[in-house]
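A closer look at the structure
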Amino acid sequence: LLLRIPFDWELPLRQRCAAWLEVYGNALVQGRTEQYVGRLADELVDFVGGDDENPLADVVDLSSLKYKERDLLSAAFVSWKPTQPFDINDLWERRLRHQLGNRYDAKGGVFDWDYRYGLIAGKGDADLVHLKQYKRWRETGVAFEFGDCTYDAPNRTLGSYVEGLLKQGVNRGLRREVKGFWGDMSVGPYCGLGIDVRNRSENAGLFEIHDRGHATERRRHNATEIAMFNLLADLYATEKGEQYVLDRKNDVFSGLGSYLRKDRDALEQAENIVESLDGISIIPLCGNLEKELHKVPLLDVVDLSVMSVDKIKLLQGKLKPGARIYAETGQFLVPLKKEEKATFVDRVKELAAGFTPAKCEVAATLAFTN
């Protein structure tokens with residue numbers, strides 16, 4: 001879905017980015033986004049069934065999936081339709097009460113502590129995530145908000161299953177899969193897109209600080225604006241074939257210019273998209289990665305890999321010489337203490353012992369070369 005939304009070329013670029021961020025990071029979305037996701041769910045069901053006309057057909061290769069896995073994928077897409085019940089407000093509240101326990105009545109103080117001594121405690125620009133933003137997300141699940149929009153429809157794409165133990169009834173003691181919201185409720189969806197940008201020196205205005213060194217010191221921009229800029233920049237470059245440049249340093253939308261107009265060159269846009277995606281192939285796998293890797297083409301053509309830290313060893317001897325590998329450090333993992341974060345980094349380096357450490361300017365990330 002997060003690939004299909006950017007591929008919806010008929011939707012205005014700015015609206016596409018806003019919808020993407022809602023689906024990516026919000027437990028509650030706008031009513032129109034709920035309907036939009038439902039429509040795309042129908043398309044994705046057809047795509048899994050073999051629809052070659054879907055915009056994803058030239059990029060996503062499902063041939064490695066078994067029919068049973070495709071059926072499960074289709075069932076997940078069907079569960080995103082607006083007619084499917086999913087009370088995210090109740091699910092979020094239950095999880096929050098369980099997570100905080102007897103600290104629930106002082107949740108405002110807990111959120112404040114986690115923010116100051118967890119999320120923004122390390123180096124970097126995590127303070128682009130405003131305290132009010134973080135606390136609102138911790139309480140309601142709404143991370144990205146735009147203007148005066150109302151977010152009151154459930155984001156059904158966040159629903160998933162975990163194995164649970166039945167506590168009552170005739171089947172008490174048996175294990176069953178339980179549907180609910182089982183995602184992150186401590187860190188937030190900001191760190192992936194909302195605290196750094198490419199070509200930072202050219203976009204220094206996005207990191208401007210007012211009243212530096214005073215009690216009223218504050219950021220001019222916040223994580224939502226940075227995330228929007230990053231999405232705009234990537235999609236604009238894909239469709240326009242050129243770098244996204246701000247006309248006004250503090251206006252994240254100022255680089256769009258005439259591209260928002262209906263008279264933009266559709267043929268040029270299509271040619272740029274085809275050129276940008278040329279040679280890119282996405283192959284979903286299901287199951288044990290070590291056993292499934294043989295299903296994908298040889299990885300000796302891979303220039304860049306972003307891996308879960310415990311899977312780095314699987315790439316040894318499989319990437320082209322000089323390929324880069326990025327791994328997270330755990331810097332923004334709120335539940336971890338300072339000493340635990342240091343241990344996390346040491347463990348990552350231990351797992352990547354077969355690769356050469358490389359310089360990395362990306363926040364909370366370690367880089368290695370093959």
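Described below are features of the structure shown in this document. (Residues numbered from 1 in each chain as written. Predicted model: local features only at pLDDT ≥ 70, side-chain atom pairs only at ≥ 80, totals over all residues. Heavy atoms only, no water.)

1. With respect to the packing of helix α5 (residues 107-119) against helix α6 (residues 131-140)
It is at 10 Å that the axes of α5 and α6 come closest, and there the two elements cross at 125 degrees. Classified by the angle their axes make, α5 and α6 are oblique. α5 and α6 meet at a crossing whose hand is right-handed. Contacts from K107, G108, F111, D112, D114, Y115, R116 and L119 of α5 reach α6 at L131, Y134, K135, R138 and E139. Taken together, the residues of the contact of α5 with α6 break down into 5 nonpolar, 1 polar and 7 charged. (Axes fitted to C-alpha atoms, helices over the stretch in contact; angles between N-to-C directions. Helix = DSSP H or I, 4+ residues; strand = E, 2+ residues; numbered from the N terminus. Parallel < 35°, antiparallel > 145°, perpendicular 65-115°, else oblique. Left-handed = near helix turned anticlockwise from the far one by under 90°. Contact = heavy atoms within 4.5 Å. Nonpolar A, V, L, I, M, F, W, Y, C, P; charged D, E, K, R; others polar.)

2. Describing the side chain of N230
As for its placement among the helices and strands, N230 is situated in helix α7 (residues 223-240). Discounting residues that sit within four places of it in the chain, N230 has contacts with L193, D196, V197 and R198.

3. Thoughts on the pattern of salt bridges
Applying the stated criterion across every chain, the model contains 21 salt bridges. Note that R136 and E145 form a salt bridge whose closest N and O atoms lie 2.8 Å from each other. According to the relative accessible area criterion, R136 is partly exposed, its value standing at 35%. Given the relative accessible area of 34%, E145 is considered partly exposed. (Salt bridge = Lys/Arg side-chain N within 4 Å of Asp/Glu carboxyl O. Buried < 20%, exposed > 50% of the residue type's maximum accessible area, 1.4 Å probe, protein only.)

4. Considering the side chain of D114
In this fold, D114 is placed in helix α5. Note on D114: relative accessible area 14%, which makes it buried. Side-chain polar atoms of D114 contact the side chain of R138, separated by 3.0 Å. Not counting residues up to four positions away in its chain, the partners in contact with D114 are L119, Y134, R138 and V334. (Polar contact = N/O pair within 3.5 Å; in protein donor to acceptor, adjacent residues only side chain to side chain.)

5. Here's the deal with the packing of aromatic side chains
Following the criterion strictly, the structure yields 10 aromatic pairs and no others. Between W20 and Y24, the ring centres sit 4.9 Å apart and the planes meet at 25 degrees, which makes this aromatic pair stacked. Taken together, the residues span about one helical turn, with W20 and Y24 both in helix α1 (residues 13-25) at a distance of 4 residues. Since its relative accessible area comes to 30%, Y24 is described here as partly exposed. With 5.8 Å between their ring centres and 55 degrees between their planes, F229 and Y244 make a pair best called tilted. Of the two residues, F229 is situated in helix α7 and Y244 in the loop between α7 and α8 (266-277); the sequence distance between them amounts to 15 residues. Summarising the burial analysis for this pair, F229 and Y244 share the class buried. One aromatic cluster is present, built from ring pairs that chain together W92, Y115, Y134, W137 and F181. A cation over an aromatic ring shows up here: R97 above the ring of Y104, its NZ or CZ 4.0 Å from the ring centre. Of note, R200 hangs over the ring of F207, and the distance from its end group to the ring centre comes to 3.8 Å. (Phe/Tyr/Trp six-rings, centres within 6.5 Å; stacked < 30°, edge-to-face > 60°. Lys NZ or Arg CZ within 6 Å of the ring centre and 35° of its normal.)

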